[in-house]
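Structural overview
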Amino acid sequence: MRRIQKAPRNGYPGRFALSSRNQGRRAGIGSAVASSLGLDSTVFAARASGDREAKLWVAIALLLVLGAAGCSQSSARTGGSSGKPLVIQNIGSDTMVNLAQAWAEEYQNVESNVSVEVSGGGSGLGIAALINGTADIANSSRHIEPDEEAAVVAHSGSKPREFLVGFDALSIYVHKDNPITSISLEELHEIYAEGGKIDRWSQLGITNIPRARTDRIIRVSRQNNSGTYHYFREVVCGKKGDFKLGSLDMNGSKDVVELVSHTPGAIGYSGLGYNTPSVKMIPVARKKGEKAVLPSIETTLDKSYPISRPMFMYTPGEPPAHVRKYIDWVLSPAGQKIVEFTGYIPLNIAEDKK
Amino acid sequence: MTASQTDNLKRPRMARSTAAIFGERIIELLIRLCGVSAIVFVFGIFLFVLREGAPLIGKLDWTKVLFSQEWYPTSKGNVRYGVGALIVGTLSVTGLAMLFAVPFGIGAAVFVSEFSTGKVKETLKIVIEMLAAIPSIVWGFIGLSVMNRLIQEYLPAPVGLNLLNGAILLALMSVPIIVSIGEDALKAVPDSYREAAMAMGATRWQTVYRVLFPAARNGLLAAALLGVGRAIGETMAVLMATGHAVNIPKSIFDPIRTLTATIAAELGETAVGSDHYRMLFLIGVLLFSITFVVNLLADLAVRGVRKQ
């Protein structure tokens, strides 16, 4: 009952309204999540249809539900366990910060007694906080280093525990009529990075793209504050590198694929999950001449796909019960659904594909 | 009538008029407040935007900022704030839009004011006003989904999101303004001018071209400039339709990026107080100055009309 009352205001859909830029997608995800979490879907249906009578009934139903929720809440308070809220400090990776935020907010509806406080700053900062003992969970988009692990052991007396919570892989997309069969990281560097020398498809040996008006490569990128932009820049342009100017900077992962799908001369990068039949995903080789691999869960797992990385959560030693419960929830289907909605690869897709 | 009777008649009237005077004072004060508030708001907004950006002013190499096209606000190695390409983007898309909108707008104004009558005229006016009421996000959506494909399909453009796409949308958005202000300007020309032209044996076209245009020159100029103001400040439609690429366009099929779109796309996720954040506010100041100059010119043009 409480869930129904809370979700539209502080729950997961509301968060999307803040973080996602695409209006249309916002509503879609919001209602999809809501219904998938077993929320009263008629609320959303009525809003969409605009049926006045239905709205009235929904309003009445909501009032009743709110009243009931109020009662159950007060009884829960009085008869509740300790009453003192438990706080989980969750620090680390900027790539994961949106995801961690979404988890934390949704978890409020699952376990109202536990509040998860999320902050970013980078994987390194998260692990540093783990060593200092200021973080209950550190988010990291890389493995913990041996010396960091030793520092945790020295400080807390036990080995940090690692939980794989999802994957982050970026696919390279071109128009479906583009005959290109593979691309190497070096070529991507020449195409995308500042100072790179490849501007035309013919330089890659591609001369027959149907309906492409020019030989020029139309680079599609992301707006400069997106995590995807930063990760791609790090892998392709180098740690201190920058993008070449003149790329079309889209405001969402889906917009990139959209634009590539009807622009024959375009190339773009976006999450693996955004693949559609109207674009072509191309295999990427680490070096020219090496075997090119298509992004997938398997190639992400065995690290053969170069533009991908696992996402981890670390705890200092064996986690206490409430932290353990949170991580178990993150790994559960409900938690993994949020991984998918925020544009990353959930663990369960890996199982589906096996 | 006795004196007491006149007193009786007067007294309630006196009482009513003091109430009326009091009420009128309040209303007068309120109206004055409304009038002054506009000025307060404009300066308040300008000062606020300037204050947010001010700490960065001294730290920047302004010739580089204004003339370099290197916009790398989030670079790890070398942060650069060159807005040259963004200024060129804004000016080029506005310029091209006006190339479409001014002839169409003035033409439509002439038709509505001089050639159409009765129901046709009324319908046209209502429809044109409806065109002005379409929200800019809807225009942007049309640019992204409809125009994008049309341009891609029928014109020799390598990518559908480009300067031309944005300019057509901006033109469509500023035409209603140009039409309604242009029509007012033409309507303000006294009928005696038209009658004199007819008496001289001028055709309708000659009347419009040789008599009405010179007479309504300032009003038409103001119409065009207000259209420019509308186009420069537009954000959502250009963000969605121009491709958002930091690029100095070499043809009308090249993607561009405007000042407004840059603020819209980046401000939401910058850390408050960071250099990037302040730079976006300085871009705001720049935009404010550009639109201020345009509006000032329009105002001066309208003043010219009144003098005549």
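Refer to the structure printed above.
A brief look at the structure comes next. (Residues numbered from 1 in each chain as written. Chains lettered and ligands numbered in written order. Predicted model: local features only at pLDDT ≥ 70, side-chain atom pairs only at ≥ 80, totals over all residues. Heavy atoms only, no water.)

Structural notes on the overall build of chain A
Put simply, the rule reads: Secondary structure elements are taken from DSSP: a helix is a run of H or I of four residues or more, a strand is a run of E of two residues or more, and numbering for both begins at the N terminus. Remark: exposure states derive from per-residue accessible area (1.4 Å probe, protein chains only) relative to the maximum for the residue type, with buried under 20%, exposed over 50%, and partly exposed in between. The contact criterion used throughout is that any non-hydrogen atoms of two residues lie within 4.5 Å. Per-residue and other accessible areas were derived by the Shrake-Rupley procedure at a 1.4 Å probe size, with only the shown protein chains allowed to occlude residues.
Broken down by element type, chain A carries 15 helices and eleven strands. Counting the 354 residues in chain A, one finds 48% classified as buried. The long-range share in chain A, meaning contacts at least 24 apart out of those at least 6 apart in sequence, stands at 73%. With the model as given, the accessible surface of chain A reaches about 16000 Å², and the carbon-plus-sulfur share is 55%.

Some words on the overall build of chain B
Rule in force here: For the radius of gyration, the atoms used are the C-alpha atoms, and the globule rule reads 2.2 Å times the number of residues raised to 0.38.
Looking only at helices and strands, chain B features twelve helices and two strands. Starting at the N terminus and walking to the C terminus, you meet the elements of chain B as α-α-β-β-α-α-α-α-α-α-α-α-α-α. Its C-alpha atoms give chain B a radius of gyration of 26 Å, clearly above 19 Å, the size a compact globule of 308 residues would have. Across its three principal directions, the C-alpha atoms of chain B cover 100 × 60 × 35 Å. A burial count over chain B gives 42% of its 308 residues as buried. In chain B, 71% of the contacts between residues at least 6 apart in sequence involve partners at least 24 apart.

What about the environment of I106 of chain B?
All names here are of chain B. With respect to the helices, strands and loops of the structure, I106 is situated in helix α3 (residues 84–115). Residues I106 and V175, spaced 69 residues apart in sequence, show a C-alpha to C-alpha distance of 8.6 Å. Apart from residues no more than four positions distant in its own chain, I106 is found in contact with A101, I178, F213 and L220.

Let's talk about the nonpolar core
Stated precisely, the cut-off is as follows: Buried Ala, Val, Leu, Ile, Met, Phe, Trp, Tyr and Cys residues form a nonpolar core when they are joined through side-chain atoms within 4.5 Å.
Judged by nonpolar contacts, the single largest core of 60 residues is most densely connected at W71, V83, M279 and I283 of chain B. Counting residues per element, the ones that place at least two in this core are α3, α5 (136–154), α6 (163–187), α8 (204–215), α9 (217–233), α10 (236–241), α11 (259–266) and α12 (275–307) of chain B. Leave out the neighbours within four places in its chain, and M279 of chain B touches L56, L60, V65, W71, Y81 and V83 of chain B. Judged by nonpolar contacts, the second largest core, of 29 residues, contains I198, Y229, Y231 and V236 of chain A.

Topic: the interface of chain A and chain B
To keep things clear, this is the line we draw: A simple way to read buried area is as the amount of 1.4 Å-probe accessible surface that goes missing from two parts once joined, with both sides added. Any Lys or Arg side-chain nitrogen located within 4 Å of an Asp or Glu carboxyl oxygen qualifies as a salt bridge.
The interface is formed by 30 residues belonging to chain A together with 36 residues belonging to chain B. Summing both sides of the interface, chain A and chain B together bury roughly 2700 Å²; the carbon and sulfur share of this comes to 46%. When residues of chain A are sorted by the area they lose upon contact with chain B, R213, N224 and L245 of chain A head the list and together hold 24% of the total. Our count for the contact surface shared by chain A and chain B stands at five salt bridges.

Side note on the side chain of T315 of chain A
Residues and elements named next belong to chain A. Operational definition: Side-chain atoms alone can form a polar contact between residues adjacent in sequence; in general such a contact is a pair of N or O atoms within 3.5 Å, and within protein one must be able to donate a hydrogen while the other accepts it.
Considering the arrangement of structural elements, one finds T315 in strand β11 (residues 308–315). A polar atom in the side chain of T315 sits 3.0 Å from the backbone oxygen of G317. Discounting residues that sit within four places of it in the chain, T315 has contacts with L130, D136, I137, P160, R161, F163, V323 and I327.

Observations concerning helix α11 (residues 253–261) of chain A
By the criterion of burial, α11 of chain A is predominantly enclosed, with seven of the nine residues buried. Every buried residue belonging to α11 of chain A is among S253, D255, V256, V257, L259, V260 and S261 of chain A, and all of these are buried.

Overview of the environment of R216 of chain A
Residue and element names in this part refer to chain A. Inspection of the secondary structure puts R216 in the loop between α9 (185–192) and β6 (218–222). Of the residues examined, R216 reaches a relative accessible area of 29% and is grouped as partly exposed. With 37 residues separating them in the primary sequence, R216 and S253 have C-alpha atoms 23 Å apart.

Details of a nonpolar patch on the surface
As a reminder of what qualifies: Every patch collects residues that have over 30% relative accessible area and no salt bridge, joining them within 9 Å if they carry like charges and within 5 Å if they are nonpolar side chains (Val, Leu, Ile, Met, Phe, Trp, Tyr).
Residues F292, V293, L296, L297 and L300 of chain B make up a contiguous nonpolar surface patch of about 480 Å² in total accessible area. Relative to the helices and strands, F292 of chain B resides in helix α12.

Considering empty space enclosed by the protein
Short version of the rule: Put plainly, a pocket is an open set of points on a 1 Å grid over the protein atoms alone with protein on both sides within 12 Å along at least five of seven lines, a cavity is a set where a 1.4 Å probe fits but cannot get out, and a lining residue has an atom within 4 Å of a point. Grid points are joined across faces, edges and corners, and a volume is the space filled by probe spheres set on the points. Think of it as three bins: nonpolar holds Ala, Val, Leu, Ile, Met, Phe, Trp, Tyr, Cys and Pro, charged holds Asp, Glu, Lys and Arg, and polar takes everything else, Gly as well.
Counted according to the given criterion, the structure contains five cavities of 30 Å³ or more. Looking at the largest cavity, its volume works out to about 120 Å³. The class makeup of the residues in the lining of the largest cavity is seven nonpolar, four polar and three charged.

Considering the packing of aromatic side chains
Residue and element names in this part refer to chain A. Rule in force here: Pairing of aromatic side chains requires ring centres within 6.5 Å, counting the rings of Phe and Tyr and the six-membered ring of Trp. Pairs whose planes differ by under 30 degrees are stacked, by over 60 edge-to-face, and all others tilted. In this scheme, Lys NZ or Arg CZ marks a charge over a ring once it lies within 6 Å of the ring centre and within 35 degrees of the ring normal.
A complete count under the given rule lists 16 aromatic pairs over all chains for this structure. Judged by centre distance (5.1 Å) and plane angle (55°), the ring pair of Y107 and W329 falls under tilted. Within this pair, whereas Y107 is found in helix α6 (residues 97–110), its partner W329 is found in helix α13 (residues 321–331), the two being separated by 222 residues in sequence. Accessibility assignment for this pair places Y107 and W329 in one class, buried. Seen in terms of ring centroids, Y192 and Y269 are 5.7 Å apart; in terms of plane orientation they differ by 70°. Their pairing is edge-to-face. Of this pair, Y192 sits in helix α9 while Y269 sits in strand β8 (residues 266–271); the two residues are 77 residues apart in sequence, bridging distant segments of the chain. Overall, Y192 belongs to the buried group, its relative accessible area being 1%. Given the relative accessible area of 0%, Y269 is considered buried. These aromatic residues form a ring-pair network of at least three members: Y192, Y229, F232, F243 and Y269. Above the face of the Y231 ring, R309 is positioned so that its terminal group lies 3.6 Å from the ring centre.

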